[in-house]
Amino acid sequence: MTLDLIRIALRALARNKVRSALTMLGIIIGVASVIAMVSLGQGAQRQVQSQIASMGSNLLVVMAGSQKSGGFRGGLGTNTTLTPEDVEAVLREAPAVAAATPTVSTAVPLVFGNQNWTTRAEGANAAYLSIRDRAIADGEFFTAADVRAAARVVVIGQTVANQLFAGLSPVGRTIRVRNLPFRVVGVLVAKGQSQFGQDQDDIVIMPYTTVMKKLLAITYIPSASFSAVSGAATNEAQKEIAAILRQRHNLRPGQDDDFTVRNLTDVAEAAEQSSKVMTMLLAGIAAVSLLVGGIGIMNIMLVSVTERTREIGIRMAVGARSRHVQYQFLIESVVLGLTGGVLGILTGVGASFALSHFFEWPQLISTAAVFGSAIFSMAIGVFFGYYPARKAAALDPIEALRFE
Amino acid sequence: MSAEAKPVIELANVHRIYETGSIRVHALRGVSLHVGRGEFVAIMGASGSGKSTLMNLLGCLDHPTRGTYHLDGIDVSGLSRDQRADVRNRKIGFVFQSFNLLSRATALENVELPLIYAGIPAAERRRRGRQALAAVGLASKENSHPNQLSGGQQQRVAIARALVNHPSLLLADEPTGNLDSRASVEIMELFQLLNRNPDNTVVLVTHEPDIAQFARRVVVMKDGRIILDQPVRQRRDARVELASSLYENPLEVTLS
Ligand SMILES: Nc1ncnc2c1ncn2[C@@H]1O[C@H](COP(=O)(O)OP(=O)(O)OP(=O)(O)O)[C@@H](O)[C@H]1O
Ligand SMILES: [Mg+2]
């Protein structure tokens, strides 16, 4: 009997092919967009994670000034209490810190021949490459001796190399930085955009001493970068750094830090959080379209019940129980929902492949989204088919038979 | 006409009151009726006298507001919806004025319909469906859809559907109302043929006195009551009439 009811339902759907297809379209679009959105969102999330990992493993950044600063206290990096000696002390005294460099950056105009280009000059020491997870493509990095001497040497990023040298080999050439001659000693391996959309190759690196003395004429440093001995040690390192700096800056207990330590885990979490919110938002919008698809099913089923009132009357007159009529219509709506769901899954998987290809995002088909939407679309069939099916089952056979 | 020990229909003081909003229509006002096994009853009466209301009660499509109805000795007046559906399925065959066939299904599928809800397997359904179609002379039309059949043929499909579950009671509400006179007589021939079997009880409603003459007993209703209940005198025999030239093609008659 159940098989017969299924057969009856399928035949009814097959009779109205266009209508059935259009009804399913709502579900197809809904399910497809849920899957595509979730897959893309998760792909974007994965992308952010791998980019953050590539920014330098175990990286910690210290900025002068308090994060908690309110009122008229200066913003991050403007406080003058942080010094290169602090950085050295941390490296010496903190067991969880493996490497350290002061960092001080400023915008600089560069000139080579008749080419000029403005970029960011970052001052650091020889540990910069390992801390920031970067490498030299050509030439070499400057040395500790260069740092001590505040030598006018510079390592340039790919973007800068392209802008100033256009095909020439930059190593060994002299460029003018704020009108001072600097010798190019190396070129960095290209790294592309950061997840914040910054070109990480539009940069020049020079000894921090050079930036402090020759470019900015300051004795303090706005920030410093450290790397912990391992990923697991970053929290430990963060505590040690804070303790050492507080001690060196003579801060009493209860007094606010005059610096801020951040590790990349925080940044990664924040970035992940925001992409998660994004994913949920997109999935939410998609789910609304799924809901609209469900209402479409209900609408068509109500029309169908009205149109087939007489058929229902005939079936009841020859002995169909209310339940048989209800199941017949419920099966129709479940088939609509489920078929729409399956087609939607196929479309969604296809669409997320296409989109991720187009945006060059990694894409992850979420099995949870696939199974979830299959079950959900079936549930939609049941939920939105229930009322019309009940309506059909509750018809009075005599009235139904009289219906024109 | 023999009054058997156990009547198929036993109505005792049945009332049916329709209430739609503030309007109350007292469609049946105390109907008592016994119909024995193998009887052939024609119900007549003016429009609005309550014939269809009575048929719907007899067919368990409806239940009385007051009074009792025993079908085959079982009280069916207080049954639930589902129980009435089962009674319709097993004991009743209903034929309507407007045929009421499923237009998208073939003749055979229409005939099989009651058997689906009786839970009978497909092969057995097919066999019994074919048998019933053959019994009404439409064996060759099993794959035709209703719109490919004449009115008389459609009504015969409907009769086959009514017979397929071997009901105790065959009910027909103005079965010839939409048919011309020859097709009407052919349908009556079928009812008479079926009624020849002493187990087949037939109750039909008709407006036409000459159709009622094919039955054995006439019940006349007026304003929700039975005002006359008598045997048919001068009963007509459909088979004999069809064999004579009475219902020849009228064109042929004028040409000859
Ligand atoms: N569903 C209903 N709701 C309200 N009143 C109804 C309903 N069905 C029938 N009636 C009323 O009950 C009375 C009897 O109706 P019924 O259909 O039984 O008459 P009938 O004898 O079959 O007439 P006809 O020969 O025209 O078919 C009529 O007055 C009719 O208006
Ligand atoms: Mg009537």
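Okay, so let's go over this structure. Note that the structure is a prediction, hence the values are computed from the model and not measured.

Right, let's talk about the sheet that holds strand E5 (residues 74–75) of chain B for a bit. All names here are of chain B. Across the sheet, which stays open at both edges, the four strands sit in the order E2-E1-E4-E5 with antiparallel pairing between neighbours. The open sheet has two edge strands with one neighbour each: strand E2 (23–35) and E5. Here strand E1 (residues 9–20) pairs with strand E4 (residues 66–71) via five bridges, running antiparallel. Across the sheet, the residue bridging to Glu10 is His70, located in E4.

Moving on, we come to the site of ligand 1. Neighbouring ligand 1 are 15 residues; B:Ser47, B:Gly48, B:Lys51, B:Ser52 and B:Thr53 lie closest to it. The site occupied by ligand 1 is bordered by residues of chains A and B. At 2.8 Å, a side-chain N or O of B:Ser52 approaches an oxygen atom of ligand 1. Taking B:His207, its side chain carries an N or O atom lying 3.1 Å from an oxygen atom of ligand 1. Listed by contribution, the elements that provide at least two residues to the shell around ligand 1 are helix H13 (397–402) of chain A together with E2 and helix H1 (51–58) of chain B. It is H1(B) that contributes the most residues to the shell around ligand 1, three residues altogether. Tallied by class, the residues present in the shell around ligand 1 amount to four nonpolar, seven polar and four charged.

This next bit is on a nonpolar patch on the surface. Residues and elements named next belong to chain A. Together, Leu338, Val342, Leu343, Leu346 and Met378 make up a nonpolar patch on the protein surface, roughly 410 Å² of accessible area in all. Considering each element in turn, the nonpolar patch owes the most residues, four residues, to helix H11 (residues 322–359). The exposure class assigned to Met378 is partly exposed, which follows from its relative accessible area of 37%.

Definitions and limits used
Residue positions are counted from 1 within each chain, in the order its sequence is given. Lettering for chains starts from A, numbering for ligands starts from 1, and both go in the order in which the items are written. Given that this is a predicted model, residues contribute local features only at a pLDDT of at least 70 and side-chain atom pairs are listed and counted only at 80 or more, while totals for whole chains, interfaces and linings are drawn from all residues. Side-chain descriptors were evaluated using all non-hydrogen atoms of the structure, hydrogens and water having been removed beforehand. Note on pairing: DSSP must find at least two bridges between two strands before they are called paired. Comment: elements are numbered from the N terminus, with helices defined as DSSP H or I runs of at least four residues and strands as E runs of at least two. Residue proximity to a molecule or strand is established when one non-hydrogen atom of the residue lies within 4 Å of it. Polar contact is the term for a pair of N or O atoms within 3.5 Å; when the atoms are in protein, one must be able to donate a hydrogen and the other to accept it, and sequence-neighboring residues count only if both atoms are side-chain atoms. Lys, Arg, Asp and Glu make up the charged group, whereas Ala, Val, Leu, Ile, Met, Phe, Trp, Tyr, Cys and Pro make up the nonpolar group; the residues left over, Gly among them, are polar. Here the term patch refers to residues with relative accessible area over 30% and no salt bridge, with like charges joined within 9 Å and nonpolar side chains (Val, Leu, Ile, Met, Phe, Trp, Tyr) within 5 Å. Per-residue and other accessible areas were derived by the Shrake-Rupley procedure at a 1.4 Å probe size, with only the shown protein chains allowed to occlude residues. Whenever Lys or Arg places a side-chain nitrogen within 4 Å of a carboxyl oxygen from Asp or Glu, that contact is recorded as a salt bridge. Three labels apply to residues, based on accessible area from a 1.4 Å probe with only protein chains included: buried if under 20% of the type maximum, exposed if over 50%, partly exposed otherwise in between.

Any link to function would need more than the numbers given here.
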